[in-house]
Amino acid sequence: MKSLTVNKPKAIVITCCFISALLFGSSMYIHAKAIVAQWLIENAWTATLSTGKQQPPWSWADTYPVAKISLKSHSYYLLAGITGRTLAFGPGHMSSTPLPGKAGNTVIAGHRDTHFAQLEQLTFEDNLTVETLKGQFTYQIIDISIVHEKDMSVTASTSNDTLTLITCYPFDSLSPDTQWRYVIQATLQKRDNNQSGV
Amino acid sequence: MNTQTRIIITLAILTIAISVSFFLNSEHAETTSQFNVDLSYKTVSSNKPLVKVEQYGQVQQGSFFLQQENQQGYLLSPLLDTKVDMTVTGLIARAIVTQEFTNSTTEWVNGIYAFPLPENAAVDHLTMKIGERTIVGKIQPKQKARKLYQQAKSAGKKASLLVQNRPNLFTNHVANIGPGETISVTIEYQQAITFDKNLFSLRFPTTITQRYLPSSPLSSEQKSIDENGWGNTQPTFENNTVDASKEGAPPMHKLAMNITLNSGFELEKIESEQHPIITNKMATGQYNVQLEQDMIANQDFVLQWQAKPTNQPTAAHFSQATENGHYGMIMLMPPQLTNKTTPLNRDVVFVIDTSGSMAGTSMKQAKNALAWAISDLSSTDTFNVIAFNSTANKVFQQSMPANNANKSTARKYIDQLNANGGTEILSALQLSLGHQTPNPTHIRQVVFITDGAVGNEAELFSYINKHLNQSRLFTVGIGSAPNSYFMTEAALMGKGTYTYVSSVDTVQTKMQQLFGKLKQPVLANLTAQLNQEVDMYPRQLPDLYQGEPIMLSYFSKQAPEQMLISGKLRQQDWQQTLALQHSGQQSGLSTLWARRKIAHLSREKYKGQDATTINKQILAIAMEHHLVSEMTSLIAVDMTPSAKAKSIDSAIKNQRPKGQQGMLPQTATPASLQALIALFFLILALGVNLLNKKRQ
């Protein structure tokens, strides 16, 4: 009887520690994936820039880098597609929209907890730059809004060259399921064509 | 000790349950969003007593939802009210749409309301009414208007911005609506009346249909009507309708309508297809129409009227003299054929998509429809069948007479078709349009049946443009999501029509309608000449089918006196002159003309013309005629700042028919949540450990 009362709390402590470690691990894994993947993607992007060919960042990847986006101090490599798996590694480019350099509305989505956490700090004064195979594109922010997840109008094609960044909102929320999206729209200011002719 | 342990165990189990539910939740994020909304809402904002979460999923049925200050919850508030006043004069309707935005919350909010307008609507006025003050909107280049709106919004000023998202979809942004305040925004537009088979009709759309999915680059079927104004099959509205009772939608978005109809002649009947109306005769040729009761805005309102058989209109001319010149609108009814006249000889090329995506019922229905169409050919017709997937094949080396032997050969060929392989539309176009041998006695019609998803649209358009010659291209879209942008534009470039078959059950009826029409082409190769130099739209007159009139808008420095229309009426040269000395004076024709010119210009852009030059032209015309367009927006800003607090964004969703499911990507991870739960367990472990030590 006595041994039982002693063991029970111990078991609880061990279980709790175990669950805690598991969850911490899982949480860290999400961040680690987001950071490490960007290193690997950097190599793939360098290869893409020099060869002009699509280069998956690792052999079994079902995506490839399409551009590099700079937000204030940080820059990230954009991957093709916006599936959950892709977004875990980097911000994704919605494939149904054009890439910068082609007329229309370029839509990019990223996780609010990792790569696109910085969107919150962006203001109308900030410029965004996107580098693609075609060259470097500088955008000026013209609209910041919070929309519902079903409001697809932000992805609609535009007559002016537009860049649309999407991430989940609110930024500091714990829940991974929010129906709100933080949307930044920017319009093309400057275009530097790639001189290397790739 | 025992009770304590139990409590801790219960707590631990609870926490595990919550975390598990979150994991499950995030995995199903894309498929069961409605469920997620509820769950996350309850979990996150339990401190906020918000209303009726279960209604949230009905956002598609129209609701004005506002965000709370802490941005973590939302309130549903009664939606805006819409009032429509319309005046129809001759062939033009002028509509005044008043929307009242009411903020039922205690916060300052910004609202967004997306709403449809007729695809040929020329929007030229915006007024914003706050209490007693009225602010009139100005037309501005789109970017500039947006900037002005943003500035007003952040300065706490009331502002309204009207933007055209696509030819038939507009959004109205309203900034800084105070708690309990109502802002009334009035939009005015002009539209041409449709006239077909002696029936005038006017449509007021209330839902954004599936075919105007915001994610598609261009709107679809009805866009062809926009350019032709009238020439083609009436767009089918069956998809526009939503049975509110079925979806259990609360009747929130109400619409009142008042129409003054100055037809100018005695009417046989005035009717509305879907909504009960009350009609009053005011004077000869003047009527007033009202809805019996306010309608729920989930079904398009269609009003139709018809002249007395004794005075059916056969031609019309309306004009407007301005400082710059003369604007006008002409309607001319070509001679009608009696049923006894033998149908035209046709050379019909059927092209059927047999790619893998057509597998199953689509293929079966397409085959049935094709078999039916072939059996319906008359013996004087010639025909051929092309089947394509990754490659294209024809049944006959060249078009064959539609005799029994050939028909049976074709049927056998169709029977053995199987759906697999890719969708190489270009190869099929090359087979059907390339190397045409001119046949003066037959009209060449290409009927293209596909569900095709294509990426090389520009290439295909330019091929059609170059190789159409005397052929007419009719596209038929089958399946749940055909590329309607491609199909519409291809049909337009092919001087034909686009038929969209929404469900496989309706393939047969739709095809019968199409083929019934194709049998009776009335006028082809139409050209219109006026005795003055005119800028006329549509630039290229489409072929006419039974019951369709010629309708065009023109601008001319000098008033034109007569028009010569010539074309081919059943292989015979046909021409008719219309004296234009007399006309009904009417305002607003310049607006309609400008709207058509803009539609023409944007089409040129997709044909590969230089976009920058065309955008400049569109901008100039839209600015001159005070029109909302793809390059311009209307903006009204109240100069007095009113918002005391920072306003938050909200959106008013339009009622959308079911099936329009679009979702922005899921962009949050459970990382922080997991870390937090992990921390909780760690503290729990520590606590239990401490407690245990103390006890020992």
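Note that this is a predicted model, so its numbers are computed, not measured.

1. Considerations on the overall build of chain A
Argument step 1. Looking only at helices and strands, one finds two helices and eight strands in chain A.
Argument step 2. Counting helices and strands in the order they occur from the N terminus, chain A gives α-β-β-α-β-β-β-β-β-β.
Argument step 3. Buried residues in chain A amount to 54% of all 198 residues.
Argument step 4. By element, 57% of the accessible surface of chain A is carried by carbon and sulfur atoms, the whole surface being about 8700 Å².

2. Remarks on the overall build of chain B
Argument step 1. The helix and strand tally for chain B stands at 14 helices and 38 strands.
Argument step 2. Counting only residues that meet the buried cut, chain B has 58% of its 696 residues in that class.
Argument step 3. Within chain B, contacts between residues at least 6 apart in sequence are counted, and of these 74% link residues at least 24 apart.
Argument step 4. Here chain B displays about 28700 Å² of accessible surface, and carbon together with sulfur accounts for 52% of that area.

3. A short note on helix α11 (residues 507-518) of chain B
Residues and elements named next belong to chain B.
Argument step 1. Between its terminal C-alpha atoms α11 stretches 16 Å, which fits the 16 Å expected from twelve residues at 1.5 Å a residue.
Argument step 2. Those residues of α11 not exposed but buried are V507, K510, M511, L514, F515, K517 and L518. All buried residues of α11 fall inside an arc of 160° around its axis, so they share one side.

4. Focus on the nonpolar core
Residues and elements named next belong to chain B.
Argument step 1. In terms of nonpolar packing, the biggest core is built from 73 residues, with M86 and W305 touching the most fellow members.
Argument step 2. Among the elements that take part in this core, helix α12 (residues 589-606) stands out by supplying six residues, more than any other.
Argument step 3. Setting aside chain neighbours within four positions, we find M86 in contact with A93, R94, A95, Y189, L202, F204, M257, N258, I259 and T260.

5. Some words on the sheet that holds strand β35 (residues 584-585) of chain B
Argument step 1. Spatially, the five strands line up as an open sheet ordered β30-β32-β21-β20-β35 (chain B), and their pairing is mixed. Strand pairing shows two members of the sheet lacking a second neighbour, β30 (534-537) and β35 of chain B, which therefore form its edges.

6. Here we look at the side chain of Q140(B)
Argument step 1. With respect to the element layout, Q140(B) can be found in strand β8 (residues 138-141).
Argument step 2. What Q140(B) contacts, discounting residues up to four positions off in sequence, is A145(B), L148(B), M623(B), M631(B), T632(B), S633(B) and I635(B).

7. With respect to the packing of aromatic side chains
Residues and elements named next belong to chain B.
Argument step 1. For the coordinates displayed, the defined rule picks out 16 aromatic pairs over all chains.
Argument step 2. Plain terms: the ring middles of F555 and W593 are 5.5 Å apart, the flat faces sit at 50° to each other, and that makes the pair tilted. Placement of F555 in strand β32 (residues 550-556) and of W593 in helix α12 is noted, with a sequence separation of 38 residues between them.
Argument step 3. Assessed through its relative accessible area of 5%, W593 is described here as buried.

8. Here's the deal with the sheet that holds strand β8 (residues 180-193) of chain A
Residues and elements named next belong to chain A.
Argument step 1. Strand order in the closed barrel formed by eight strands is β1-β2-β3-β4-β7-β8-β6-β5, with mixed pairing between adjacent strands.
Argument step 2. In the sheet, strand β6 (residues 135-148) pairs with β8 via 13 bridges, with the strands oriented antiparallel. Considered in β8, the bridge of Q140 is made with T187.

9. Structural notes on a nonpolar patch on the surface
Argument step 1. Taken together, the side chains of L174(A), L676(B), L679(B), L682(B) and I683(B) define a hydrophobic patch exposed on the protein surface, amounting to about 410 Å² of accessible area.
Argument step 2. Residue L676(B) is classed as partly exposed on the basis of its relative accessible area, which comes to 44%.

10. Comments concerning the environment of T632(B)
Residues and elements named next belong to chain B.
Argument step 1. The residue T632 is located in strand β36 (residues 632-641) in this model.
Argument step 2. Residues in contact with T632, not counting those within four places in the same chain, are I139, Q140, P141, K142, L619, A622, M623 and L627.
Argument step 3. Polar side-chain contacts of T632 include one of 2.7 Å to the backbone oxygen of L627.
Argument step 4. At 2.7 Å, the side chain of T632 forms a polar contact with the side chain of S629.

11. Observations concerning helix α8 (residues 425-433) of chain B
All names here are of chain B.
Argument step 1. Along α8, seven of the nine residues are buried, which leaves the element largely enclosed by surrounding structure.
Argument step 2. Taken together, the buried positions of α8 are occupied by I425, L426, S427, A428, L429, S432 and L433.
Argument step 3. Phi turns positive one or two residues past the end of α8, at H435, with a value near 45°.

12. Let's talk about the pattern of salt bridges
Residue and element names in this part refer to chain B.
Argument step 1. Under the counting rule described, the total for this entry stands at 16 salt bridges over all chains.
Argument step 2. The residue D535 makes a salt bridge to K597 at a minimum N-O spacing of 2.9 Å. You can see D535 sitting in strand β30 and its partner K597 sitting in helix α12, a full 62 residues away along the chain.
Argument step 3. The exposure class assigned to K597 is buried, which follows from its relative accessible area of 17%.
Argument step 4. Through salt bridges with shared partners, a single network forms among R94, D124 and E188.

13. Section: the confidence of the model for chain B
All names here are of chain B.
Argument step 1. Averaged over all residues, the pLDDT of chain B equals 73, while 72% of them reach at least 70.
Argument step 2. Within chain B, the lowest mean pLDDT, 23, falls on helix α2 (residues 33-44), and the highest, 93, falls on β8.
Argument step 3. For this predicted complex, the interface confidence reaches an ipTM of 0.80, while the overall pTM sits at 0.56.

14. Re unusual backbone geometry
Argument step 1. Note that the residue after Y169(A), namely P170(A), is joined by a cis bond; omega there is 0°.
Argument step 2. With respect to the secondary-structure elements, P170(A) resides in the loop between β7 (162-169) and β8.
Argument step 3. In this model, Y537(B) is joined to P538(B) through a cis peptide bond whose omega is 0°.
Argument step 4. On the secondary structure map, P538(B) appears in the loop between β30 and β31 (544-545).
Argument step 5. With a phi close to 50°, N469(B) is a non-glycine residue in the positive phi region.
Argument step 6. With respect to the element layout, N469(B) can be found in the loop between α9 (457-467) and β27 (472-478).
Argument step 7. With relative accessibility at 53%, the residue N469(B) sits in the exposed group.

15. Concerning the packing of helix α6 (residues 361-375) of chain B against helix α7 (residues 404-415) of chain B
All names here are of chain B.
Argument step 1. Running from N to C, α6 and α7 cross one another at 175°; their axes reach a closest spacing of 10 Å. One finds that α6 runs roughly antiparallel with respect to α7. Along its contact with α6, which presents K367, L370, A371, I374 and S375, the element α7 presents K407, A410, R411, I414 and D415.
Argument step 2. Residues belonging to the contact of α6 with α7 are distributed by class as follows: five nonpolar, one polar and four charged.

16. Digging into the packing of α6(B) against α11(B)
Residue and element names in this part refer to chain B.
Argument step 1. One can describe the packing of α6 onto α11 by two numbers: an axis separation of 9 Å at closest approach and a directional angle of 30°. Two packed elements cross with a definite hand, and for α6 against α11 that hand is right-handed. Between α6 and α11, the contacting residues are Q365, A366, N368, A369, W372 and A373 on the first element and V507, Q508, M511, Q512 and F515 on the second.
Argument step 2. Considered class by class, the residues forming the contact of α6 with α11 number seven nonpolar, four polar and no charged.

17. Structural notes on the environment of Q293(B)
Argument step 1. By the element assignment, Q293(B) lies in the loop between β17 (286-291) and β18 (295-296).
Argument step 2. In this structure, the C-alpha to C-alpha distance between Q293(B) and P276(B), residues 17 residues apart in sequence, is 7.8 Å.

Reading the values: the criteria
- Residues numbered from 1 in each chain as written.
- Chains lettered and ligands numbered in written order.
- Predicted model: local features only at pLDDT ≥ 70, side-chain atom pairs only at ≥ 80, totals over all residues.
- Heavy atoms only, no water.
- Helix = DSSP H or I, 4+ residues; strand = E, 2+ residues; numbered from the N terminus.
- Buried < 20%, exposed > 50% of the residue type's maximum accessible area, 1.4 Å probe, protein only.
- Areas by Shrake-Rupley, 256 points an atom, 1.4 Å probe, with all protein chains shown as cover.
- Contact = heavy atoms within 4.5 Å.
- Expected span 1.5 Å × (residues − 1).
- Arc of directions from axis to C-beta.
- Core = buried A, V, L, I, M, F, W, Y, C linked by side-chain atoms within 4.5 Å.
- Pairing = 2+ DSSP bridges.
- Phe/Tyr/Trp six-rings, centres within 6.5 Å; stacked < 30°, edge-to-face > 60°.
- Patch = residues over 30% accessible without salt bridge, like charges linked within 9 Å, V, L, I, M, F, W, Y side chains within 5 Å.
- Salt bridge = Lys/Arg side-chain N within 4 Å of Asp/Glu carboxyl O.
- Polar contact = N/O pair within 3.5 Å; in protein donor to acceptor, adjacent residues only side chain to side chain.
- pLDDT = per-residue confidence, 0-100.
- Axes fitted to C-alpha atoms, helices over the stretch in contact; angles between N-to-C directions.
- Parallel < 35°, antiparallel > 145°, perpendicular 65-115°, else oblique.
- Nonpolar A, V, L, I, M, F, W, Y, C, P; charged D, E, K, R; others polar.
- Left-handed = near helix turned anticlockwise from the far one by under 90°.

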